[in-house]
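As a plain string of letters, each chain reads:
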Amino acid sequence: MRIKFWGVRGSIPAPGPDTIRYGGNTSCVSVHTRDGGLVIIDMGTGLMHLGNTLMAGAFGKGNGRAAILLSHTHWDHIQGLGFFPPVFVPGNQFTVWGPGGSPEVLEAILEGQMDPNFSPLQSLKNFSAAFDVRAVACGEPFEAERVRITAREHPHGTTTALAFRIEEAGRVFVYASDVGQPTAGAGPTPDAIAFYRGADVLLHDTTYRPEDQARRRNRGFSTYEDAAAAATAAAVKRLVMFHYDQDYTDDDVDALCASCRAALDRRGGAAIELVPAREGEELEI
Ligand SMILES: [Zn+2]
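Note that the structure is predicted; figures quoted are calculated from it, not measured.

Caption draft 1: A look at the coordination of the zinc ion. Within the protein, the atoms that donate to the zinc ion are Asp76 (OD), His77 (NE2), Asp178 (OD) and His243 (NE2), at distances of 2.1 to 2.2 Å. Because the angles between the four donor atoms bound to the zinc ion fall within 91 to 166°, the donor set is best described as irregular. Along the chain, the residues that donate to the zinc ion are spaced as D-H-x100-D-x64-H. With His77 in the loop between strand 4 (65–69) and strand 5 (93–98) and Asp178 in the loop between strand 10 (171–176) and helix 3 (190–196), this pair connects stretches of sequence that are 101 residues apart. The same class applies to His77 as to Asp178, namely buried.

The following block contains the structure:
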């Protein structure tokens, strides 16, 4: 699997001179499978740049196909959709797997952001590509783009978000962003540890420093300590830091990374490789 980061920022796009090294776009990750499939995770503003790149290949000719995994429908995870050029090319095919419990509920939520009050697109029906919306059943593995995918629901403030475990030929990538920590210092649950267990790459949000999380616990995000605790307990090989708070500068993220390294070492995770996600960078597993 080839994993590429198109948007690594949390909550709202944060472009500007202070965020240029890690990037200011919101959540979007692409996974090119070994078998030639494409899985896109989340549709934050980074999706626009992925789309522009895809237009140079099969998606520009109407021969593209991808699965889109949606963790939840907060703006920073859906706002790129109306600016994703491949949905305006007839022949392309997208299958969206996400929360909501039923395809009708999820489609209605996505349709809502196309309302004329919010978007000139007016409706998902104005997409030219096939756009098939499906609801994920948590804990029941399904196949998309010829890889095995399992979803797990975790708390996220007043709502929940989905984590995804993607498996192909013995390689495992887990995407777990916007992971709420309702109780201070509770640590990852046994369920979460089992879901992340042994991953080649665990991408986990490191939205906050502990002192900022303490002031904003109801927003439903993790610190680098929470991510380090999960990575260590689940004995993953690599931890990817993700979804940095919009107010953090590049220098703040550098400091977050150093603190996360120290947290891993302190918790017995010295062998875990730490990768801070940056827009445009890739990992291969
Ligand atoms: Zn988010």
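There's more to say after this.
Caption draft 2: Up close: the pattern of salt bridges. Using the criterion set out here, one finds 17 salt bridges in the structure. Ionic pairing is found between Asp254 and Arg21, a salt bridge with its closest N-O pair at 2.9 Å. Residue Asp254 is located in helix 6 (residues 250–266), and its partner Arg21 is located in the loop between strand 1 (2–7) and strand 2 (28–32); the two are separated by 233 residues in the primary sequence. Look at Asp254 and you get partly exposed, because its relative accessible area is 30%. With relative accessibility at 36%, the residue Arg21 sits in the partly exposed group. Linking Arg238 and Glu273 is a salt bridge whose minimum nitrogen-to-oxygen distance equals 3.7 Å. In this pair, Arg238 sits in strand 12 (residues 238–242) while Glu273 sits in strand 13 (residues 273–276), placing the two residues 35 residues apart along the sequence. Look at the salt bridges and you will find they share partners, linking Arg209, Asp212, Arg215 and Asp252 into a network.

Caption draft 3: Structural context of the packing of aromatic side chains. Counting across every chain of the model gives nine aromatic pairs. Pairing Tyr175 with Phe242 gives two aromatic rings, centres 5.6 Å apart and planes at 70°, and the pair type is edge-to-face. Here Tyr175 is found in strand 10, whereas its partner Phe242 is found in strand 12, with 67 residues between them in sequence. Of the two residues, Tyr175 and Phe242, neither departs from the other in class, the shared state being buried. One aromatic cluster is present, built from ring pairs that chain together Phe59, Phe84 and Phe94.

Caption draft 4: Geometry of the pairing of strand 5. Counting buried positions along strand 5 yields five of six residues, so the element is predominantly enclosed. Across five bridges, the pairing between strand 4 and strand 5 is parallel. For Arg65, the partnering residue across the bridge sits in strand 5 and is Gln93. Here strand 5 pairs with strand 6 (residues 130–135) via six bridges, running parallel. Bridge pairing in strand 6 links Gly98 to Ala135. Read as a crossover between parallel neighbours, the route from strand 5 over helix 2 (residues 103–112) to strand 6 is right-handed.

Parameters and conventions
Residues numbered from 1 in each chain as written. Predicted model: local features only at pLDDT ≥ 70, side-chain atom pairs only at ≥ 80, totals over all residues. Heavy atoms only, no water. Donors = N, O, S within 2.8 Å, 3.2 Å for Na, K, Ca; no water. Tetrahedral: all angles 85-135°; square planar, octahedral: opposite > 155°, others 65-115°. Helix = DSSP H or I, 4+ residues; strand = E, 2+ residues; numbered from the N terminus. Buried < 20%, exposed > 50% of the residue type's maximum accessible area, 1.4 Å probe, protein only. Salt bridge = Lys/Arg side-chain N within 4 Å of Asp/Glu carboxyl O. Phe/Tyr/Trp six-rings, centres within 6.5 Å; stacked < 30°, edge-to-face > 60°. Pairing = 2+ DSSP bridges. Right-handed = clockwise from strand over helix to strand, strands pointing away.

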